[in-house]
Amino acid sequence: MFRFCASLPGDNRTGAEKASSFTDILIVAITVIVVAVPEGLPLAVTLALAFATTRLLKENNLVRILKACEVMGNATTVCSDKTGTLTTNKMSVVAGTFGPERFEAGDVAAFAQKVPKEVRELIVKSIAINSTAFEGVEDGVPTFIGSKTEMALLNFAKDHFAMDTLTNERANSEIVQLFPFDSNKKCMGAVIRHGKEYRLFVKGASEIVLDACSSVADVTTGEISDITGAPKQRLTDTIQTYAQKSLRTIGLTYRDFPSWPPAGTQTSADPSAAEFDQVFTNMVFSGVVGIQDPVRPGVPEAVAKCQFAGVKVRMVTGDNIITARAIARECGIVSATDEANDIVMEGPEFRKLSDEAMTEILPRLAVLARSSPQDKQILVQKLRSLDETVAVTGDGTNDGPALKAADVGFSMGIAGTEVAKEASSIILMDDNFASIVKALMWGRAVNDAVAKFLQFQLTVNITAVLLTFVSAVSNPDMESVLTAVQLLWVNLIMDTFAALALATDPPTPAILDRKPAGKRAPLITMNMWKMIIGQAIFQLTVTFILYFAGAQILGYNEEQDLELSTMVFNTFVWMQIFNEFNNRRLDNKFNIFTGIHRNYFFIGINCIMVGAQIAIIFVGGQAFSITRIDGVQWAICVVLASLSLPMGVLIRCFPDPWFAKIAHHVGGPFRTVYRAVKRFFSRVWAKTPSIRKHKKTAVEEQHTEETKQVAAAPPVIVTEDVPEILVDGEPRDVEKGVIR
């Protein structure tokens, strides 16, 4: 364009000829700008995300927020629940201790025969009355509906203690007061009229309810004895033994009162109700049961894959610390040989840590036991403040804040509440931790698809722009070797077709062989720049030699210039087709055909590009300003273009540190110019009065609006003990303390 304007004084052509020449140059210039701008990047990102979300649905991952798929590819840690995610959530009572009597899964019937009728009724009522579960039908089979822990206890009472229906059991008892489950105290209670007295039943975390007991009952005789000393230590050892076997332990206790509410325990809101803390003391310990929740098949392997991929898996559970450690060891979250680097901590202790201590411990924290939903939220927020990309699972209503606070929130499709699903980014349709690994693989595949497309497009951009510019400047008539129509065809290849082909590569198991990219990782890595620059140099070398020296090498005369231009165009397009195969890999490995047989989109799109290019050469002469070429010329074009594949191997063999040093020295002047231009425009922007005035007005309006909102908002009172969110019709998990 500048050359045309400079030559106008000596140009003797007519005005119409000058206008026509100027129009041709302008069209090519605009086309070069179109080619240079990577407008296909949004298309590639959208296609990759849409393709991944469709495939993830088949892998039991329902993506609610599209960007979560991409973010999951860079996840550095996963904070997972235990029940239902790492385990099957199919619980059953397999062990128990009631006074001096113990039983295992195989001898429950013999134990039940030893229990007198009065004690049997006591155990049944402590389970049936003090419960939020109810009876229902699933798949045509009568069953209990509610928390899996309560379902296990109810099935235990029904199968071995002849428990009547829940409706009859509750109808035959006069319930005076109910104490809902408290996630901080890890227990719940119920009060019934027992003759002329009142009986309080409490069940919950075994070690917590045991501490509130002063007596223990003998189930065989019904006698009550003092629990202090050896009896309490024996029960503590029993609880630890169950916990070491990965069993969830639930304690059953009761206490009789002559009146209700006892004197001095009334609540200020309701004088007919008692404060739980004041009556939950001097309890009688009935017994403890061990509930088994087996680890899901495939979970240890999935955890191992995450760890190998550089993703730290942390378990957040309401179980006691011994049970949590045993299950974490079974899942592979905690190493059996190196527990020093795998810290297991309880929620109350974690909550009291200072910021400095928490920052020091978090990299090694593997299990958070006896945790509340607030502990999970604190954990997620602190990890994010350390530049971690956090994924978290949750199924209860109280898990909503943690799911929202995480980079990627996974809710449970089967056991999850609607509140948890609405707060999450992805819903696990099968509640299985192994499905998270699939999300991780597809997330990395999306990131790789964008990187592959960028690597391919920048190579075409550099080559097409430089080839068009140099050939136009060197030509006496200022005509580029690539016309506007040819450039638009190249642009169609690198934008639409390349996006479709490179964005649909499914992930392979090898995608988990590398560590996750950090939040500050560059979009274009040094390895990608090496391939971009190397291929651009190769393509420019081939096309320049063919354009400037092709006639002399091949012995062409001036009448064959159109054939030579056609060969340059054909060679350039075929180099992009072959280079597309090179861009299927972003690392320095040589096998660029890995998994190509599974990507039918890539195969089909390349067949379309090859067919279209052949058709253009044969029948697109006038539109594309080309002519037909013979077999020898076709062979020259395809052979020269196919050299992109061995060139890709040579580029991968070039050491990355060497290229980084070369790029640092060669790119130094460009960085200096870029920074100077950036500073210049920043100062111009800052000194523009109209812009600054508009910006200041907008900021003042926003500040005024925020001030109004703050003034209108009610004061927020933060308390250390956050009450549990209770939703009618949704069962509580006795051990975890969350609504499921």
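Please read these numbers as outputs of a predicted model, since none were measured by experiment. (Residues numbered from 1 in each chain as written. Predicted model: local features only at pLDDT ≥ 70, side-chain atom pairs only at ≥ 80, totals over all residues. Heavy atoms only, no water.)

A. Quick look at a nonpolar patch on the surface. Where nonpolar side chains cluster on the molecular surface, the patch consists of Phe22, Leu26, Ile30, Val34 and Leu488 and spans about 380 Å² of accessible area. A total of 4 residues in the nonpolar patch trace back to one element, the largest contributor, which is helix H2 (residues 15–36). Tracing the backbone shows phenylalanine 22 in helix H2. The partly exposed category is assigned to phenylalanine 22, whose relative accessible area is 32%. (Patch = residues over 30% accessible without salt bridge, like charges linked within 9 Å, V, L, I, M, F, W, Y side chains within 5 Å. Areas by Shrake-Rupley, 256 points an atom, 1.4 Å probe, with all protein chains shown as cover. Salt bridge = Lys/Arg side-chain N within 4 Å of Asp/Glu carboxyl O. Helix = DSSP H or I, 4+ residues; strand = E, 2+ residues; numbered from the N terminus. Buried < 20%, exposed > 50% of the residue type's maximum accessible area, 1.4 Å probe, protein only.)

B. Here's a closer look at the packing of aromatic side chains. Under the counting rule described, the total for this entry stands at 22 aromatic pairs. Aromatic pair phenylalanine 51 and phenylalanine 601: ring centres 5.7 Å apart, planes at 85°, arrangement edge-to-face. Here the residue phenylalanine 51 occupies a position in helix H3 (residues 41–58), and phenylalanine 601 occupies one in helix H24 (residues 600–619), the gap between them amounting to 550 residues. Ring plane angle 85° and centroid distance 6.4 Å describe the contact between tryptophan 574 and tryptophan 634, whose orientation is recorded as edge-to-face. Residue tryptophan 574 is located in helix H23 (residues 561–582), and its partner tryptophan 634 is located in helix H26 (residues 631–642); the two are separated by 60 residues in the primary sequence. In this structure tryptophan 574 comes out as buried when scored by relative accessible area, which is 9%. Judged by its relative accessible area of 14%, tryptophan 634 falls in the buried class. One aromatic cluster in this structure is built from Phe98, Phe103, Phe111, Phe156 and Phe161. (Phe/Tyr/Trp six-rings, centres within 6.5 Å; stacked < 30°, edge-to-face > 60°.)

C. How the structure looks around helix H12 (residues 299–308). Residues of H12 that are buried include every one of Val299, Ala302, Val303 and Cys306, and no others. For H12, the arc enclosing every buried residue in end-on projection is 100°, short of the 170-degree limit, so these residues lie on one face. Packing partners of the buried residues in H12 comprise strand E14 (312–316), helix H13 (321–331) and helix H19 (434–474). (Arc of directions from axis to C-beta. Contact = heavy atoms within 4.5 Å.)

D. Structural detail: the packing of H23 against H24. Relative to each other, H23 and H24 sit at 175°, their axes nearing to 11 Å. If you check the angle between H23 and H24, you find them roughly antiparallel. Contacts between H23 and H24 involve Thr566, Phe569, Asn570, Val573, Trp574, Ile577, Glu580 and Phe581 on the former and, on the latter, Phe602, Asn606, Met609, Val610, Gln613, Ile614, Ile616 and Ile617. A per-class count over the contact of H23 with H24 returns 11 nonpolar, 4 polar and 1 charged. (Axes fitted to C-alpha atoms, helices over the stretch in contact; angles between N-to-C directions. Parallel < 35°, antiparallel > 145°, perpendicular 65-115°, else oblique. Nonpolar A, V, L, I, M, F, W, Y, C, P; charged D, E, K, R; others polar.)

E. Examining unusual backbone geometry more closely. Across the junction of tryptophan 260 and proline 261, the peptide omega takes the value 0°, indicating a cis bond. Note on placement: proline 261 falls in the loop between strand E12 (247–257) and helix H11 (276–279). With a phi close to 65°, aspartate 387 is a non-glycine residue in the positive phi region. Topologically, aspartate 387 is positioned in the loop between helix H16 (373–385) and strand E17 (390–394). Of the residues examined, aspartate 387 reaches a relative accessible area of 40% and is grouped as partly exposed.

F. Focus on the pairing of strand E3 (residues 92–98). In terms of burial, E3 is largely enclosed, as 6 of its 7 residues are buried. Alignment of E3 against strand E4 (residues 101–104), held across 4 bridges, turns out to be antiparallel. For glycine 96, the partnering residue across the bridge sits in E4 and is phenylalanine 103. Connecting the antiparallel pair E3 and E4 is a turn made up of 2 residues, with glycine 99 showing a positive phi of about 65°. (Pairing = 2+ DSSP bridges.)

G. Quick peek at helix H10 (residues 230–244). The terminal C-alpha atoms of H10, which comprises 15 residues, lie 21 Å apart, in line with the 21 Å expected from a rise of 1.5 Å per residue. By the burial criterion, the buried members of H10 are Leu235, Thr238, Ile239, Tyr242 and Ala243. Summarising the axial view, the buried residues of H10 lie within an arc of 135°, below the 170-degree limit, and thus occupy one face. Every exposed residue of H10 that faces more than 90 degrees away from the buried side is listed here: Ala230 and Gln244. Once H10 finishes, serine 246 follows within two positions and takes phi at roughly 65°, a positive value. (Expected span 1.5 Å × (residues − 1).)

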